[in-house]
Amino acid sequence: VAVIGLTGYSREVTEPAESGGERQSEIEIIYEQRDQGVADRNLLGPLMLFQRSDLKDDLCVCLARWFAMYSEHHQPFRLYFSAVDSSNDSTLEEKLRQLTEALETLDKALNDSSERGLSERIIRLAKPFGGSLGTRRSIEDLGKIIADTRNELVHHAVKKGRQGARGPDLLRLTYQCELLLIYCLTSVVTGSPRSALEMIKGKQAVAKRLRVIED
């Protein structure tokens, strides 16, 4: 979602009202830079998950959830945006490392920071979206292959009898991690996994990733 303007009202700062008395002062929280003219926006419409109209009357609540989450736990958001930014020259391996770190820190933020393995964290995040990740694997197997692949890439550690994803499978796994983060982050905005799935079902950003995963 692109926010190009956001106005709020201060309960503590007031100004004279036209009809007499005082009223809350209007404050621009997010505003466009106007002194250099109007810049061309690259909103990448087909890749956007939802628009203002999709939020209906819940815009204020959705923005409040997003800002609150980002203020407390910005790392998973930044890692996700960095990984999917097409202007970055990241390798597929680097993207997967960023995405798995984003999933790990997001689970800590949403649930707890106790010592849990990456596989357990992936399983917990993926359970509400099991049927929407385009995988034939069980959620448990998905958690294991993501953890095994990350451990091979980061620690060069290979468990006996288990091997991480490589080649086309690595690409599919990267898109699955992206898709899981999309579902989880949209759940933060909408308030629940079910409402997130309902809002972004069939959107091009989701369909594009599913095509690669299911190929």
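Residues numbered from 1 in each chain as written. Predicted model: local features only at pLDDT ≥ 70, side-chain atom pairs only at ≥ 80, totals over all residues. Heavy atoms only, no water.

Trainee: Which parts of the structure should I look at to understand the packing of aromatic side chains?
Mentor: Two measures describe an aromatic ring pair: the distance that separates the ring centres and the angle between the ring planes. Evaluation of the coordinates by the stated rule reveals 5 aromatic pairs. On the basis of an interplanar angle of 75° and a centroid distance of 4.7 Å, the ring pair of W66 and F77 is categorised as edge-to-face. One end of the pair, W66, is in helix α1 (residues 59–72); the other, F77, is in helix α2 (residues 75–84), with 11 residues separating them in the sequence. What makes W66 partly exposed here is its relative accessible area of 24%. When the centroid spacing of 6.5 Å and the interplanar angle of 50° are considered together, the rings of W66 and F81 count as tilted. Of the two residues, W66 sits in helix α1 while F81 sits in helix α2, which places them 15 residues apart along the sequence. (Phe/Tyr/Trp six-rings, centres within 6.5 Å; stacked < 30°, edge-to-face > 60°. Helix = DSSP H or I, 4+ residues; strand = E, 2+ residues; numbered from the N terminus. Buried < 20%, exposed > 50% of the residue type's maximum accessible area, 1.4 Å probe, protein only.)

Trainee: Sorry, what's going on with the nonpolar core here?
Mentor: Generally speaking, nonpolar side chains in soluble globular proteins are found buried as a group. The biggest cluster of nonpolar side chains holds 47 residues, and the ones touching the most others in it are L133, I146, L180 and I200. Only α1, α2, α3 (92–110), α4 (118–126), α5 (139–155), α6 (168–190), α7 (193–200) and α8 (204–214) provide two or more residues apiece to this core. Ranked by residue count, the leading element in this core is α6, at 13 residues. Ignoring any residue separated from it by four or fewer positions in sequence, one finds L133 in contact with A126, I139, L142, Q176, L179, L180, Y183, L210 and I213. (Core = buried A, V, L, I, M, F, W, Y, C linked by side-chain atoms within 4.5 Å. Contact = heavy atoms within 4.5 Å.)

Trainee: Is there a simple way to think about the pattern of salt bridges in this case?
Mentor: Side-chain pairs of opposite charge can arise whenever the charged atoms involved come near each other. The tally for this structure, following the rule as stated, stands at 13 salt bridges. The shortest N-O distance in the salt bridge between D169 and R172 comes to 2.9 Å. Of this pair, D169 and R172 both sit in helix α6, 3 residues apart, which is roughly one turn of the helix. Here R172 falls in the partly exposed class, since its relative accessible area comes to 24%. Each of D107, D112, R116, E120, R121 and R124 takes part in a single network of salt bridges with overlapping partners. (Salt bridge = Lys/Arg side-chain N within 4 Å of Asp/Glu carboxyl O.)

Trainee: Whenever I open this one, α2 confuses me. Can you help?
Mentor: Because each turn of an α-helix spans 3.6 residues, side chains separated by three or four positions in sequence point in the same direction. Those residues of α2 lying buried are P76, F77, L79, Y80 and A83. Buried positions in α2, seen along its axis, are confined to an arc of 165° and lie on one side of it. If you follow the buried residues of α2, they end up packed against α1, α3, α6 and α8. (Arc of directions from axis to C-beta.)

Trainee: Would you take a moment to explain the confidence of the model for the chain for this structure?
Mentor: Parts of the model with low pLDDT should not have their predicted coordinates read in detail. Residues at a pLDDT of 70 or more form 90% of the chain, whose mean pLDDT is 86. Per-element confidence in the chain ranges from a low mean pLDDT of 82 for strand β2 (residues 22–30) to a high of 96 for α4. (pLDDT = per-residue confidence, 0-100.)

Trainee: In this structure, what is going on with the packing of α2 against α6? I would like to understand it.
Mentor: Packed helices, taken two at a time, are described by their axes: the angle between them and the distance between them. Between α2 and α6, the least distance of the axes is 11 Å, while the angle of their chain directions is 135°. Considering the angle they form, α2 stands oblique to α6. Pair α2 / α6 crosses with left-handed handedness. Residue-level inspection shows F77, Y80 and V84 of α2 in contact with α6, the latter providing E178, L181, I182 and L185. Classifying every residue of the contact of α2 with α6 gives 6 nonpolar, no polar and 1 charged. (Axes fitted to C-alpha atoms, helices over the stretch in contact; angles between N-to-C directions. Parallel < 35°, antiparallel > 145°, perpendicular 65-115°, else oblique. Left-handed = near helix turned anticlockwise from the far one by under 90°. Nonpolar A, V, L, I, M, F, W, Y, C, P; charged D, E, K, R; others polar.)

Trainee: It is not clear to me how the pairing of strand β1 (residues 6–16) should be interpreted in this structure. Could you clarify?
Mentor: Each regular strand displays side chains that alternate between the two surfaces of the sheet. Examined bridge by bridge, β1 and β2 share 8 bridges and lie antiparallel to one another. Looking across to β2, one finds that S10 is bridged to S25. Once β1 ends, the chain turns through 5 residues before running back antiparallel as β2, passing G20 with a positive phi of about 100°. (Pairing = 2+ DSSP bridges.)

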